[in-house]
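Understanding the architecture of this molecule
Next come the chains, spelled out residue by residue.
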Amino acid sequence: MDKIINKDIKYIGCDDKEITQFEGQYMLEDGMCYNSYLIEDEKIAIMDTVDKAKKAEWLDLLDKALNGKKPDYIIVQHVEPDHSSVLGELINKYPSLKVVCSAAAQKMLPLYFPDLKADFLTVKEGDELKLGKNTLKFFTAPMVHWPEVIVTYVVEAKVLFSADGFGKFGVYDSEPDDWSCEARRYYFNICGKYGAQVQALLKKAATLDIQTICPLHGPILKGEMLSEAVRLYDIWSKYDVETEGVFVAYCTMHSNTGNAAEYLAEVLKKKTSKHIAIANLCEEDWAEAVEDAFRHDTLVLAAPTYDGGLFPKMVDFIHHLKIKNFQKRKIAFIENGSWAPQAARIMKELVKDFKDVEIIEQQITIRGAFKETDKKSVEELAEKL
Ligand code: FEO
């Protein structure tokens, strides 16, 4: 996928192919990229730095792109260390560099760089900075993904630097034909809680003529890919349903609850042309399960009773849904319990405060093994769904 923006704006990001976990919790099968850009005009601006793992590589790329020139500004759109880690070295190297950021970022930077001595230019909503023939216009984007975030629009080039917005997991060229898969997992797990704030940013973006989006992760978006990304961001940030269908998320200790969940998915696939997805939370990536829960209109949670309570991995999964603001979906339950089933009662209790969820009262209780006699109740639930 090309990294060409225009003759003034160069891509100077780095791929980290070694990293296997992002933020210490999100599994990465195909690494991660940290994007950074250089805008060369009468004045030269650098758009963010990169993660510390790529410090040497990035400084080298920057050196080559500068070709002996001195940069004037470093625009810090987002303070999170995957983008600001090289700021200290950068300012040591170019002490006259001016740090352009929000007032909130200026307050936050000393938390990460206690000894940082730099000239700051703080910007607020709508402020402009002329580099020559290119004008940078700044917009605040609080909580997309942190409170200090700004995004930057290059007026003449019609380019939006979108910070974490429109980012994805993976190295720059991962899954070139399918932006949405890892962008969806990234969105719901990184920004999912902040739908209202993402909507606010989309409304600002709608007032601009944007031909290119340059995020801090993932590919540069143009043309149809850009339109599709904006369409999906609108659905995701409204917590609307992207795909009509059912997602079955289950935990299982001895395959019995799993057998019931798998049977439900099998019956649903026969009964409907809607999309049916299923995940074993004991084995599969929980962050992908969070993504699938948001993607579909109906969620089925299936879990055993454990120590008189709910199986811990299901407690954990529901907690992840809660902190990501899960809402506007139907939820059904399957429980298992050999002597005192409690799982469904507790799952219902845990989701009762979710906004605009419809609880499907018809729940299934399995006692021990999933037996022939249990199939009828699963088929009835499938019918109801
Ligand atoms: Fe890519 Fe919120 O950092």
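The model shown is predicted, which means the values in this text are computed figures rather than measured ones. (Residues numbered from 1 in each chain as written. Predicted model: local features only at pLDDT ≥ 70, side-chain atom pairs only at ≥ 80, totals over all residues. Heavy atoms only, no water.)

1. A few points about the sheet that holds strand β8 (residues 73-75)
- Strands sit in the order β1-β6-β7-β8-β9-β10 across an open sheet of six strands; the sheet is mixed. The open sheet has two edge strands with one neighbour each: β1 (9-11) and β10 (119-122). Direction aside, neighbouring strands of the sheet carry axes that sit 25° apart on average.
- Bridge count between β1 and strand β6 (residues 37-40): three bridges; the pairing is antiparallel. Bridging across to β6, Lys10 finds its partner in Leu38.
- Against the sheet, helix α1 (residues 55-66) touches β1, β6 and β7 (44-47), its axis set at about 20° to β6.
- Here helix α4 (residues 103-112) sits on the sheet in contact with β9 (98-101) and β10, set at roughly 120° to β9. (Pairing = 2+ DSSP bridges. Helix = DSSP H or I, 4+ residues; strand = E, 2+ residues; numbered from the N terminus. Axes fitted to C-alpha atoms, helices over the stretch in contact; angles between N-to-C directions. Contact = heavy atoms within 4.5 Å.)

2. A short note on the pattern of salt bridges
- On inspection of all chains with the given rule, the structure shows 28 salt bridges.
- In this structure, Asp8 engages Lys7 in a salt bridge whose closest nitrogen and oxygen atoms are separated by 3.5 Å.
- Since its relative accessible area comes to 67%, Lys7 is described here as exposed.
- The residue Lys328 makes a salt bridge to Asp240 at a minimum N-O spacing of 2.9 Å. Of the two residues, Lys328 is situated in the loop between α10 (312-323) and β21 (330-336) and Asp240 in the loop between α7 (223-237) and β17 (243-250); the sequence distance between them amounts to 88 residues.
- Taking relative accessible area as the criterion, Lys328 reaches 33% and is therefore assigned partly exposed. (Salt bridge = Lys/Arg side-chain N within 4 Å of Asp/Glu carboxyl O. Buried < 20%, exposed > 50% of the residue type's maximum accessible area, 1.4 Å probe, protein only.)

3. Structural notes on the side chain of His83
- Within the secondary structure, His83 sits in helix α2 (residues 81-84).
- Judged by relative accessible area, which is 1%, His83 ranks as buried.
- Apart from residues lying up to four places away in sequence, His83 is in contact with Asp48, Thr49, Val50, His78, Asp164, Leu216 and His217.

4. Comments concerning the packing of helix α5 (residues 179-191) against α7
- With their axes 11 Å apart at the nearest point, α5 and α7 run at an angle of 35° to one another. Read as a crossing pair, α5 and α7 show a hand that is right-handed. Contact with α5, carried on its side by Trp179, Ser180, Ala183, Arg184, Tyr187 and Phe188, involves Met225, Ala229, Leu232, Tyr233, Trp236 and Ser237 of α7 and no other residues of that element.
- When the residues that make up the contact of α5 with α7 are grouped by side-chain class, the tally is nine nonpolar, two polar and one charged. (Left-handed = near helix turned anticlockwise from the far one by under 90°. Nonpolar A, V, L, I, M, F, W, Y, C, P; charged D, E, K, R; others polar.)

5. Observations concerning the side chain of Thr257
- Here Thr257 shows up in helix α8 (residues 256-271).
- Within the structure, Thr257 has its side chain in polar contact with the side chain of Asn336 (distance 3.3 Å).
- Thr257 has contacts with Cys251, Thr252, Ala302, Ala303, Pro304 and Asn336, leaving out every residue within four places of it along the chain. (Polar contact = N/O pair within 3.5 Å; in protein donor to acceptor, adjacent residues only side chain to side chain.)

6. Quick look at the packing of aromatic side chains
- Under the definition given, this model contains 22 aromatic pairs.
- With 5.6 Å between their ring centres and 45° between their planes, Tyr26 and Trp286 make a pair best called tilted. Linking Tyr26 in strand β4 (residues 26-27) with Trp286 in helix α9 (residues 286-295), this pair joins segments that are 260 residues apart in sequence.
- Tyr26 gets classed as buried once you look at its relative accessible area, which sits at 2%.
- Centroid distance Tyr187 to Phe188: 5.1 Å. Interplanar angle 85°. Geometry classified as edge-to-face.
- Members of the aromatic cluster, connected to one another through ring pairs, are Phe166, Trp179, Tyr187, Phe188, Tyr233, Trp236, Tyr239, Phe294, Phe326 and Phe354.
- Of note, Lys3 hangs over the ring of Tyr172, and the distance from its end group to the ring centre comes to 4.8 Å.
- Over the face of the ring belonging to Tyr263 we find Lys375, whose NZ or CZ atom lies 5.1 Å from the ring centre. (Phe/Tyr/Trp six-rings, centres within 6.5 Å; stacked < 30°, edge-to-face > 60°. Lys NZ or Arg CZ within 6 Å of the ring centre and 35° of its normal.)

7. Some points on the domain arrangement of the protein chain
- When the domains of the protein chain are assigned, the result is domain 1 (9-237) and domain 2 (243-384).
- For domain 1 and domain 2, the distance between their C-alpha centroids amounts to 38 Å.
- On the domain 2 side, the residues contacting the ten residues of domain 1 number eleven residues.
- Across the interface of domain 1 and domain 2, roughly 1000 Å² is buried in total on both sides, 53% from carbon and sulfur atoms.
- Our count for the contact surface shared by domain 1 and domain 2 stands at two salt bridges.
- Notably, a salt bridge pairs Asp285 with Arg185, separated by 3.0 Å at the nearest N-O pair.
- One can count five residue pairs in polar contact (both at pLDDT 80 or more) joining domain 1 with domain 2.
- Taken together, the elements giving at least two residues each to the side of domain 1 that touches domain 2 come down to β4 and α5.
- Here the side of domain 1 that touches domain 2 gets five residues from one element, more than from any other, and that element is α5.
- Residues of the side of domain 1 that touches domain 2, tallied by class, amount to four nonpolar, three polar and three charged. (Domains from an automatic or database assignment. Buried area = accessible area lost by both parts, 1.4 Å probe.)

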